[in-house]
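Residue-level listing of the chains:
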2 protein chains.
Amino acid sequence: KRDCNGADKEEPIGSASGSATAAAEAVAVEPAKEDSAADAGKSSGYSGGNRSKRGNSGRALCGIDLAFCSDQKAGMLEAHSLGYAFVCLPLFHPRNVVRTGADVGGHADQEEEEGQRHRQLDQLRLLPATRPDHLVIDSEDWTRFVVGKISAWIRCDSSWEAERLQSLAALRQELSWAAHIGLVACLIDLPDGGRVSNLARALLAFHRAERSAPLMWVRVPMAAEQVGDDGDIASNDPWLWWHRLCRLCDLILGQLGVALEVTADLPGPAAVQRWLAEPVKALVLPTSLFLTNQSGYPVLSKAHQALLMKFFRLQLQVIITGSCRHEKGIEYYQQYINWLYSRRSTDLYSSQGKGYEDTLQDPLQPLADNLHSATYQVFEMDPYKYRAYREAVRQALVEMVPDSEAESRLVTIAVLGAGRGPLVQECLIAGRQSGRRIRVFAVEKNGNAVNTLLNRSLSEWPDSVVVLPTDMRQLKPTDLQADIFVSELLGSFGDNELSPECLDGAMHCLAEGGVSIPMSYTSYLAPMHSSTVYKEVTRQRDPEKPYYTFLETPYVVNLVNSELLAPPQPVFTFRHPAESAGPDGRPASNERYIELTYRAERTGVLHGFAGYFDSRLYGSVSMSILPEDHSPDLFSWFPLVFPLHYPVPVKCGDAITVAMWRVVSATAVWYEWALLAPVVLPIHNAGGRSFTINLY
Amino acid sequence: KRDCNGADKEEPIGSASGSATAAAEAVAVEPAKEDSAADAGKSSGYSGGNRSKRGNSGRALCGIDLAFCSDQKAGMLEAHSLGYAFVCLPLFHPRNVVRTGADVGGHADQEEEEGQRHRQLDQLRLLPATRPDHLVIDSEDWTRFVVGKISAWIRCDSSWEAERLQSLAALRQELSWAAHIGLVACLIDLPDGGRVSNLARALLAFHRAERSAPLMWVRVPMAAEQVGDDGDIASNDPWLWWHRLCRLCDLILGQLGVALEVTADLPGPAAVQRWLAEPVKALVLPTSLFLTNQSGYPVLSKAHQALLMKFFRLQLQVIITGSCRHEKGIEYYQQYINWLYSRRSTDLYSSQGKGYEDTLQDPLQPLADNLHSATYQVFEMDPYKYRAYREAVRQALVEMVPDSEAESRLVTIAVLGAGRGPLVQECLIAGRQSGRRIRVFAVEKNGNAVNTLLNRSLSEWPDSVVVLPTDMRQLKPTDLQADIFVSELLGSFGDNELSPECLDGAMHCLAEGGVSIPMSYTSYLAPMHSSTVYKEVTRQRDPEKPYYTFLETPYVVNLVNSELLAPPQPVFTFRHPAESAGPDGRPASNERYIELTYRAERTGVLHGFAGYFDSRLYGSVSMSILPEDHSPDLFSWFPLVFPLHYPVPVKCGDAITVAMWRVVSATAVWYEWALLAPVVLPIHNAGGRSFTINLY
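Residues numbered from 1 in each chain as written. Chains lettered and ligands numbered in written order. Predicted model: local features only at pLDDT ≥ 70, side-chain atom pairs only at ≥ 80, totals over all residues. Heavy atoms only, no water.

Visitor: Go over the UniProt feature "active site" (unreviewed entry) in chain A, please, and point to the residues and values.
Guide: Residues and elements named next belong to chain A. As annotated in UniProt, the feature "active site" (unreviewed entry) corresponds to Glu488 and Glu497 in the numbering used here. Here Glu488 is to be found in the loop between strand E15 (482–487) and helix H19 (499–506). Looking at Glu488, its side chain comes within polar contact range of the side chain of Lys385, at 2.6 Å. Within the fold, Glu497 resides in the loop between E15 and H19. Owing to a relative accessible area of 4%, Glu497 belongs among the buried residues under this scheme. (UniProt positions renumbered as here; feature names shortened; annotations may be inferred. Helix = DSSP H or I, 4+ residues; strand = E, 2+ residues; numbered from the N terminus. Polar contact = N/O pair within 3.5 Å; in protein donor to acceptor, adjacent residues only side chain to side chain. Buried < 20%, exposed > 50% of the residue type's maximum accessible area, 1.4 Å probe, protein only.)

Written as structure tokens, this is what we have:
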């Protein structure tokens, strides 16, 4: 299960207010309001020109790239008045190319050999390199409304040394200016072909020297034009170029985002999916992509609409670039994008998970810690889970007690870990629905929750419920002999909240022939690509702990900005009562070991494994958080991520093998895992050195 | 250059004394004595039976595996009296197989299916599992003379679960017993086929629980018999099995060594070379390998002799295993091995490097720190270097001054960084040899060395030498105008002790047409496989520094237990005076950048890059520490190793690409490096965050 405390999110450029809360609202207005807007849109279709929607100024979705603008301040103000939340401005005038004396010495021979670009670079320019119109924009506007554009002529990895050195000097100067005027983000082109070592070095060096360096939005085309003739497939895959930059810049990953340039020809679904696992901060939409609808307004093709809908799941912004190609005016690009955004579909799971996207939460320690009331409250709102339990109990009662004995037989139900009582309530309803007579014991170790249970047993449930304020593992056989155990002890990875140990500990209180709801549960693992989750993991680093601790701790994550490289496979299954149990009803051991091999279905980077579970409650009733088989509206669990010490590149078709152990000691349970293919990595969390789930 | 302080070495089993010093002597008696012994052996050839050599009891070279021994104490004493330094004893009697109740439950069905091995395991044994004869061996003997053998039936990664669980329980018990009786090392078989995950987990868990755990000598065959029919080449390569274990056990690498079992059919040179890059602690020699010479004594084939000679370069021991197959008696195996060892060749470089093999030293900080007298003294003993400088100066003088002007022209030589004066001395000799008149300025910033220089200039060099006690970069043009600069400012990687910056700083004191000795120098890099160096690097971890610091600091290493995966390639070249210098004689920049691509010539693991240099002093005189071109007896430099953040598996034929930068700031110089292929790693030492060479 997941923790229910809020998480801070990065503030989008151009949000109406400086506070993170307001910013989050700015990106995504209340789902309820959105939905009605979407419905309205759907029935009418987009015709454009709906001026009443222009005023949606709280939304920081859409910015505009001002390419050729003689007066930047005027341009910025106009864009803002047209509904754009931010503008992208060049930092330096292309006229003002920097030259430092040291950089040009000794290349006279080479210079003669090269042509056009060469002469251009050779024209020495004098400072000031920045634009005079920069000086009239005030600091707050820079920070709130402007993304700086690094000069496009800069080629840090040019094979011509003079250009390389000059580019590096210019990049330093432009970045320094961007930091000086307080920009939040800069747009920089990723050079074609993936030669990025010197660019990476320059970014690292700059971020080392400058504590308030702007974020780098790295502009990458979604698909490359044919670049190299060298037969090297890598040189034609922009995602690989981006991946190289990420690996080289590992220590400033948090400073890098993708500004993904949408191309007219879209790549295949796998290539799109791969970008959805990268930290895309902005989609760059050239105006040339827009068609004109019957009314003369700019609209996108169906394929491009579908693409945008996929990316709207991420917390990103949109940049319109290129000259206005539609008579109605430049503001209608923005308006169309906002209209599209309002039509995106949302569901209960994603609205419940809002604010938690791709953020890491430590898994609960259900035995060592007591849950807070607010946490109980969130989980009790899950519409699917409690309906499922009610139906499972009903089916069990009907199957256990024939109609003929419905009046005579009293069925004892023990709710183990009753919390504030939601399962007790469902059991009572199931009893009524089934027409069977039941008696319910509510066993709960959390003294605070017991207070609630006792109150409810007096007021809501007189005579039908007995509250036993104890750890279920401390029950005596004489306390109760139940026909049905009902428990909700499962974690995101099934057994990871120690359901096996808890239920085993109470097994002597289950009558002969009794059943447990859930009857069984199985954990699943799938290899996962998510640069964003990896970045978040590296942010967990704690200098007071060993270097590996944060790299081998499982995290609960609402996975959005990620993809699976192969479908999940089952890991460990537990059944209650155990199939091969000893005389005390306990199984020989709850330790487990398995090796799983996957065939990578796409090329990507392996950042870890995503863990899921499904569970058979009773009869036909089950619960699942598997992506392909998710129970509708079940929002109590996010996946559990097992990270790896470092990212491992994986090619489509590669074997991915992982070994996974569940280890039980006298005081704790933990997992250990090791990647065995395509490369062997150290055993993670060996001996539970980084993470355990404590039994007491 | 390397530091000259001693390094502690691991103590071999069976050494005569507990102190590390005595142990080092035990492993390798003085080279001088060895050589005479070797000569004697060479002239006579080995005939066996030379009883007078039996008494070489200070040598801890050779142990014996006592496989079937009813009384272990008596066996141990007899082996010792026959000249064996240690014995390998089974820890548990094979009769006493451990069974724990939990491990055998529920497998009745499976048990019926399996045959022979199965029934054997099924026979329950009672404790005590240890041998009664263990109890009469005292603690000191265990520690000094015994290597414990883990039971061969243990198969931690059996695909049959009961055997796996039972094996894990038994391994825990045997390791625990080994720690209890104080063993220094245990021999354990590496299972065929490379399924080692559970073995790895068990070793990690044991070392986590047991602070004085014995070293694990993992017994691996040098070459596999045909194991799998599955076409998987990995399953037939024992080195890959070992590599898997190493990666899984990354955190206890220091606890693992190889006991390499020499096979009758030897693998090819590449496979042997690969083992020479692994921490081989013992060679296991079956008695079946030995032939019988004309006198009836056991000897090895030429091929096996050559193999042993290669491995004797490592600090290893030998284990004789198998029954005695020669009438003369078991002691003659030991005697033959010791005789072979005494014949191994040694040279000045390796004797000067003794005790430093594969240990890491921080490079000198020649400008920030002053060298100590002892350090000067070691380097002054280098026979090649000073002869080379003398000859270079002689050639320069002869070329600069025609015979006709020999009497009239006075040549000014500036020795820059004169230290205690060895180059001054060589210049004076070169002057006499060439018949040219010279005047020598000795420039030295180290005040302590200046004391020595002043004394020598008064006593040894009256009237011919002027001592200038200053940093060469502080010289004024009026101090001197030299015809010849002579300096020895090179590090293991050429420019890494800032020779470029120092000489540039003095360039205004070089007369028009003057020359520098050295005239030029070039650094080289080669991809390197060395599990031992990697292990040593991980031991540098300092919890008070960031996790990456020790992983991206260059180290000076006497590389022995290592191999190059491809030949070295040139990196950066510096010439003095610089070819394209400014009006002040300084070059535009001493920053450098290069990308190098290698083609791996063998399969292995890339642990880092080994750095070398060569230098042209003058005319035909040069100096090189490149492995294939090493100047004879030049021992002043060990290679400089640039480590990587983690080991990267490399296949024969793979491209290995590395980017290397030399970065110069106002106060320091440093290198940054990044692996670009076969995988991309983060830029190491970005911004000099982990290591700089300080200019002041």
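So much for the structure itself; the text now carries on.
Visitor: Describe the pattern of salt bridges, naming the residues involved and giving the relevant values.
Guide: In total, this model carries 48 salt bridges over all chains according to the counting rule given. One salt bridge in this structure joins Glu536(A) and Arg539(A), with 3.2 Å as the shortest N-O distance. In this structure, the salt-bridge partner of Arg144(B) is Glu140(B), at a minimum N-O distance of 2.8 Å. Highlighted residues: Arg144(B) and Glu140(B), both in helix H7 (residues 139–145), separated by four residues, approximately one helical turn. A residue is classified by how much of its surface remains accessible, and Arg144(B), at 29% relative accessible area, is partly exposed. (Salt bridge = Lys/Arg side-chain N within 4 Å of Asp/Glu carboxyl O.)

Visitor: Explain the sheet that holds strand E2 (residues 86–90) of chain A to me, using residue names and the numbers behind them.
Guide: Residues and elements named next belong to chain A. Ordered by their spatial adjacency, eight strands build a closed barrel running E1-E2-E3-E4-E5-E6-E7-E10, and the pairing between neighbours is parallel. Across the sheet, the mean angle from the axis of one strand to that of its neighbour is 30°, orientation sign disregarded. The sheet contact formed by E2 and strand E3 (residues 146–149) spans four bridges and is parallel. Note on E3: the bridge partner recorded for Leu89 is Gly148. Lying over the sheet, helix H3 (residues 72–81) contacts strand E1 (62–65), E2 and E3, oriented at roughly 160° with respect to E2. (Pairing = 2+ DSSP bridges. Axes fitted to C-alpha atoms, helices over the stretch in contact; angles between N-to-C directions. Contact = heavy atoms within 4.5 Å.)

Visitor: Go over unusual backbone geometry, please, and point to the residues and values.
Guide: Cis peptide bonds are those with omega within 30 degrees of zero, and the linkage from Ile517(A) to Pro518(A) qualifies with 10°. Among the secondary structure elements, Pro518(A) is positioned in the loop between strand E16 (510–517) and strand E17 (520–529). Cis peptide bonds are those with omega within 30 degrees of zero, and the linkage from Ala677(B) to Pro678(B) qualifies with 5°. Along the chain, Pro678(B) turns up in the loop between strand E26 (668–677) and strand E27 (693–694). For Asp358(A), which is not glycine, the phi torsion reads 60° and is therefore positive. Mapped onto the fold, Asp358(A) is located in the loop between helix H14 (348–352) and strand E11 (360–361).

Visitor: Let's hear about the environment of Pro500(A): which residues, and what values?
Guide: All names here are of chain A. Mapped onto the elements, Pro500 comes out in helix H19. Accessibility expressed as a relative area gives 0% for Pro500, which makes it buried. Residues Pro500 and Pro587, spaced 87 residues apart in sequence, show a C-alpha to C-alpha distance of 9.5 Å. Once residues within four sequence positions are removed from consideration, Pro500 is found in contact with Asp495, Tyr521, Phe574, His576, Asn590 and Arg662.

Visitor: Describe the relation of the copies chain A and chain B, listing the residues and the values that go with them.
Guide: Expressed as a screw transformation, the operator carrying chain A onto chain B has a rotation angle of 180° and an axial translation of 0.0 Å, and the superposed copies differ by an RMSD of 0.1 Å. Classification of the inter-copy transformation places it as that of a two-fold axis. The position closest to the rotation axis in chain A is occupied by the C-alpha of Tyr547(A), lying 2.9 Å away. Interface overlap between copies: 100% of the residues of chain A at the interface are likewise at the interface in chain B, consistent with a symmetric, same-surface contact. (Least-squares fit on C-alpha atoms with pLDDT ≥ 70 in both.)

Visitor: Residues and numbers for the interface of chain A and chain B, please.
Guide: In this complex, chain A contributes 39 residues to the contact, which on the side of chain B involves 39 residues. A combined buried area of about 3,600 Å² lies between chain A and chain B, and 60% of that area is made up of carbon and sulfur atoms. Where chain A meets chain B, there are four salt bridges. As a salt-bridge pair, Arg195(A) and Glu595(B) come within 3.9 Å of each other at their nearest N and O atoms. At the surface where chain A touches chain B, the tally comes to 18 residue pairs in polar contact (both at pLDDT 80 or more). (Buried area = accessible area lost by both parts, 1.4 Å probe.)

Visitor: Explain the packing of helix H12 (residues 302–311) of chain B against helix H13 (residues 331–342) of chain B to me, and be specific about the residues and the numbers.
Guide: Residue and element names in this part refer to chain B. In contact at an axis separation of 10 Å, H12 and H13 are set at 65° when each is read in the N-to-C sense. When the axes of H12 and H13 are compared, the crossing they make is right-handed. Counted together, Gln305, Leu308 and Met309 of H12 and Tyr336, Ile337 and Leu340 of H13 form the full contact between these two elements. When grouped by side-chain class, the residues that make up the contact of H12 with H13 number five nonpolar, one polar and no charged. (Left-handed = near helix turned anticlockwise from the far one by under 90°. Nonpolar A, V, L, I, M, F, W, Y, C, P; charged D, E, K, R; others polar.)

Visitor: Summarise the pairing of strand E25 (residues 655–664) of chain B; cite the residues concerned and give the values.
Guide: All names here are of chain B. With eight of its 10 residues buried, E25 lies for the most part within the structure. Direction of pairing for E25 relative to E26: antiparallel, over a ladder of eight bridges. By the bridge assignment for E26, Trp661 is matched with Glu672. The antiparallel pairing of E25 with E26 creates a hairpin that spans three residues between the two strands.

Visitor: Which residues make up the UniProt feature "binding site: S-adenosyl-L-methionine" (unreviewed entry) in chain A, and what values do they have?
Guide: All names here are of chain A. Cross-referencing UniProt, the feature "binding site: S-adenosyl-L-methionine" (unreviewed entry) maps to Tyr376, Lys385, Tyr386, Glu444, Asp471 and Met472 in the present numbering. Tracing the chain through its elements places Asp471 in the loop between strand E14 (465–468) and E15. Here Arg473 takes part through its backbone nitrogen, which lies 2.8 Å from a polar atom of the side chain of Asp471. Within the element layout of this structure, Met472 appears in the loop between E14 and E15. The buried category is assigned to Met472, whose relative accessible area is 8%. The contact partners of Met472, leaving out residues within four places of it in the chain, are Leu416, Gly417, Val443, Leu489, Cys502, Leu503, Gly505 and Ala506.

Visitor: Mind laying out helix H3 (residues 72–81) of chain B, listing which residues take part and the relevant values?
Guide: All names here are of chain B. Turning to H3, its buried residues are Gln72, Gly75, Met76 and Ala79. Relative to the axis of H3, the buried residues are bounded by an arc of 100° and lie together on one face. As for H3, its buried residues are in contact with strand E1 (62–65), strand E2 (86–90), H7 and strand E3 (146–149). (Arc of directions from axis to C-beta.)

Visitor: Can you explain H12(B)? Please cite residues and give values.
Guide: In an α-helix, one full turn covers 3.6 residues, which means residues spaced three or four apart are oriented alike. All names here are of chain B. Among the residues of H12, His304, Leu307, Leu308 and Phe311 are the ones counted as buried. One face of H12 carries all of its buried residues, which in axial projection span an arc of 95°. The secondary structure elements touched by the buried residues of H12 are strand E6 (256–261), helix H11 (269–275), strand E7 (280–286) and H13.

Visitor: Could you give me a rundown of the packing of aromatic side chains, with the residues and numbers involved?
Guide: Evaluated as defined, the whole model comprises 35 aromatic pairs over all chains. For the ring pair Phe642(A) and Trp673(A), a centre distance of 5.0 Å and an interplane angle of 75° mean the geometry is edge-to-face. In this pair, Phe642(A) is assigned in strand E24 (residues 640–650) and Trp673(A) in strand E26 (residues 668–677), connecting sequence segments 31 residues apart. Taken together, a centroid distance of 6.3 Å and an interplanar angle of 40° make the contact between Tyr598(B) and Phe609(B) tilted. (Phe/Tyr/Trp six-rings, centres within 6.5 Å; stacked < 30°, edge-to-face > 60°.)

Visitor: Give me the lowdown on the sheet that holds strand E13 (residues 437–443) of chain B, citing residues and values where you can.
Guide: Residue and element names in this part refer to chain B. Ordered in space as E14-E13-E12-E15-E16, the five strands form an open sheet in which the pairing is parallel. Both outer strands of the open sheet, strand E14 (465–468) and strand E16 (510–517), are each paired with one neighbouring strand and no more. For this sheet, the mean angle separating the axes of adjacent strands, direction not counted, is 25°. Relative to E16, strand E15 (residues 482–487) runs parallel, the two sharing four bridges. Each bridged residue has a counterpart across the sheet, and for Val486 the counterpart in E16 is Ile517.

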